[in-house]
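# Examination of the molecular architecture
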Amino acid sequence: MSPGAPVRSLVLWFPDWPVTALEREAGAASGAEEDQVGERPGARTGAGQTGAGRSGAGRAGVGQAGAGQTGAGRAKPPVAVVERNLVVACSASARAEGVRRGQRRRDAQARCPGLTLVNADAARDHRAFAPIVSLIEEKAPGVQLVRPGLCALRARGPARYYGGEIEAARMLIGTLRDAGLDGVRVGIADGPFTAEQAARGGTSAGDPVFAVPAGGAAGFLAPLPVSVLDASALLGTGAAGAKEATDLVGLLARLGVQTLGGFAEMPDDRVRERFGERGVRLHALAAGLDSRPVQPRTPPPELEREVAFEPPLEIADQVAFAMRVTADDFVAGLGAVDLVCTELRVELVGDRGERSERVWLHPGSFDAAAVVDRVRWQLAEDVGAGDASGGGLRSGVTLVRISPEAVDAASHHAPALFGGGPEERVHHALSRVQAMLGHRGVLTPAIGGGRWLAERQVLVPWGDKDERDRKAGGSAGGLAAQRARPWPGSLPDPLPTTVFADPVPVDVRALGGELVDVDERGNVSAVPALFIESGRRRAIEAWAGPWPVVERGWDAARSRRAHRFQVVDADGAAWLLVCDGDAWTAEATYD
């Protein structure tokens, strides 16, 4: 084969992939809900985990979502994916009603009043297509991901292994059909561009494979309209190049050149003179001379590790000891690609099928010892904790899987030239103490949400980055999210500096000695003149309030109605007092 000659290429086209990705994600979500309903007592799963969230679960996500896509006998509602007010993909039922790609939103709704419109989401398309590419790579490595719903690979290797180009294509279609993907089209030709046109224009539902004979690319492309140059995803032009291709196609149409064959007949020197190097490239494509080879992607490294135990292990120390080599391999694997793990997911599977899953955080990055410690801590909290109310592992451990939930560049965590200073020494000392005492052996204070100052004081385990225990799941449990919630009756800034762990009982009295209280309308019975705290009488020089705090008004058993006061005594000290019914307490002081 001469240098620059087109290479036999195989292109897989997934029609209307944005709609397929939407259906697969919806199917995976409904399957996860069914799994949770049918889950055994005591089984626990991590927050936000989906079937395709990690490479290890991606295979299950392929088959699981596919069941939702190919449900026999169920009529699917018409769906269209729109971007910039134009339809970019639509379902078969919507197409039957007259909806087409490129239509305006209003025209599509006029054709199909029951049409469901969904905004385009490139992240969703990539997320759903990633496990599909991995599945194809298992059968035929060297896949080039063009965009979600379109990929290419060299035809020579699969053809030699499976006995021919057509046989290789049908094998891939069968594999994808088993994974729940129907309607995949395959084109085989000289060069990826011609193979894409073969997949798009030469296939049908009954015959999903079309092969252009070697050397026949020019004859196959000749009758195609020049608009395919603008629509092709394999040109890889970017935004500026796409605009150039659109302009060139429009100019060719105005010049009377309607087909690729007509464009290919134009002299090369005249094309270069009129359209430049970009035009020469498109001219070569129109003539079937696609010299650009397939550029296989580099598969992402497998970063997760797992250890299976047979027979199951009952003692936490045995599991932790067996995890040492795996933890070293896990950290070394991340280091090989210049990464460190800052959030670690640990999954435990019991002998009876119960699961425990949790994401652990680290103030810096995980080393092998820190990974083993997290496994040990999770075992200490979960193993044997299962009861009738659910939660925890109730049997021996058969599998431990560790995977990075979040990673960072290793250069950001490299030690400084002259050491890390006091911060690193403090971190090292606290981490060692925590390793000896357990996860909650070292706690740091943080501010949470709430109406009362005492409940806003939260003790967070060292290394959890101001997050509550995340095994309950979700970012909604984070302290920042709690602080952002509305808390009617909460105290605004500036907050007191000293908050009593247990409110201090006080008596607030008027000049005549009678006890001051607040009625249901929030009216003070008398002007506060003094209060007695720990047997000491303090004259009140200034006061402000009351400010009501009402909690759980709908629950008669747990409802609470109190009033806050700010007072300044004769010594100039400011106090925050609370009147709850007939009882007065000091909640905090302003230093």
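Report on the accompanying structure. (Residues numbered from 1 in each chain as written. Predicted model: local features only at pLDDT ≥ 70, side-chain atom pairs only at ≥ 80, totals over all residues. Heavy atoms only, no water.)

What follows deals with the packing of aromatic side chains. Counted according to the given criterion, the structure contains 10 aromatic pairs. Relative to Phe 565, the ring of Trp 543 lies with its centre 6.2 Å away and its plane at 40°, an arrangement referred to as tilted. You can see Trp 543 sitting in strand E17 (residues 536–551) and its partner Phe 565 sitting in strand E18 (residues 560–569), a full 22 residues away along the chain. The class for Trp 543 is partly exposed, based on a relative accessible area of 34%. Ring pairing ties together the aromatic residues Phe 14, Trp 17 and Phe 129, which thus form one cluster. Taking NZ or CZ as reference, Arg 358 lies 3.8 Å from the ring centre of Trp 360, over its face. Directly above the ring of Trp 452 sits Arg 560, whose terminal nitrogen or CZ lies 4.1 Å from the centroid. (Phe/Tyr/Trp six-rings, centres within 6.5 Å; stacked < 30°, edge-to-face > 60°. Helix = DSSP H or I, 4+ residues; strand = E, 2+ residues; numbered from the N terminus. Buried < 20%, exposed > 50% of the residue type's maximum accessible area, 1.4 Å probe, protein only. Lys NZ or Arg CZ within 6 Å of the ring centre and 35° of its normal.)

Note that Val 212 resides in the loop between strand E8 (209–211) and helix H9 (217–221). With 23 residues separating them in the primary sequence, Val 212 and Ala 189 have C-alpha atoms 4.8 Å apart.

Another point: the pairing of strand E20 (residues 583–590). Within E20, 6 of the 8 residues are buried, which leaves the element mostly enclosed by the surrounding structure. Relative to E20, strand E19 (residues 574–580) runs antiparallel, the two sharing 7 bridges. When the sheet's bridge partners are listed, Ala 574 is paired in E20 with Tyr 590. Taking the residues that link successive antiparallel strands as the turn, the E19-E20 hairpin has 2 residues, and the phi of Gly 581 there is positive, at about 70°. (Pairing = 2+ DSSP bridges.)

Below, the discussion takes up the side chain of Gln 144. Structurally, Gln 144 can be placed in strand E5 (residues 143–147). Residue classification places Gln 144 among the buried positions, given a relative accessible area of 14%. Polar side-chain contacts of Gln 144 include one of 3.0 Å to the backbone nitrogen of Gln 295. In contact with Gln 144, not counting residues within four places along its chain, are Leu 150, Cys 151, Ala 152, Pro 293, Val 294, Gln 295, Pro 296 and Arg 297. (Polar contact = N/O pair within 3.5 Å; in protein donor to acceptor, adjacent residues only side chain to side chain. Contact = heavy atoms within 4.5 Å.)

A few words on the sheet that holds strand E9 (residues 305–313). Judged by pairing direction, the sheet is antiparallel, and its 4 strands sit side by side in the order E9-E12-E10-E11 without closing on themselves. With partners counted over all chains shown, the strands left at the sheet margins are E9 and strand E11 (355–361), one partner each. Each adjacent strand pair in this sheet contributes to an overall mean axis angle of 20°, direction not counted. Strand direction decides the pairing type here: E9 and strand E12 (residues 397–409), joined by 5 bridges, are antiparallel. Across the sheet, Val 307 pairs through a bridge with Val 400, a residue of E12. Packed onto the sheet, helix H14 (residues 316–336) meets E9, strand E10 (339–350) and E12 and runs at close to 30° relative to E12. (Axes fitted to C-alpha atoms, helices over the stretch in contact; angles between N-to-C directions.)

Next up on the list: the sheet that holds E17. Read around the closed barrel, 6 strands run E15-E16-E17-E18-E19-E20, paired in antiparallel fashion. Taking the axes of each pair of neighbouring strands and ignoring which way they run, one obtains an average angle of 45° across the sheet. Sheet analysis places E17 next to E18, joined by 9 bridges and oriented antiparallel. Residue pairing in the sheet places Trp 547 in a bridge with Arg 564 of E18.

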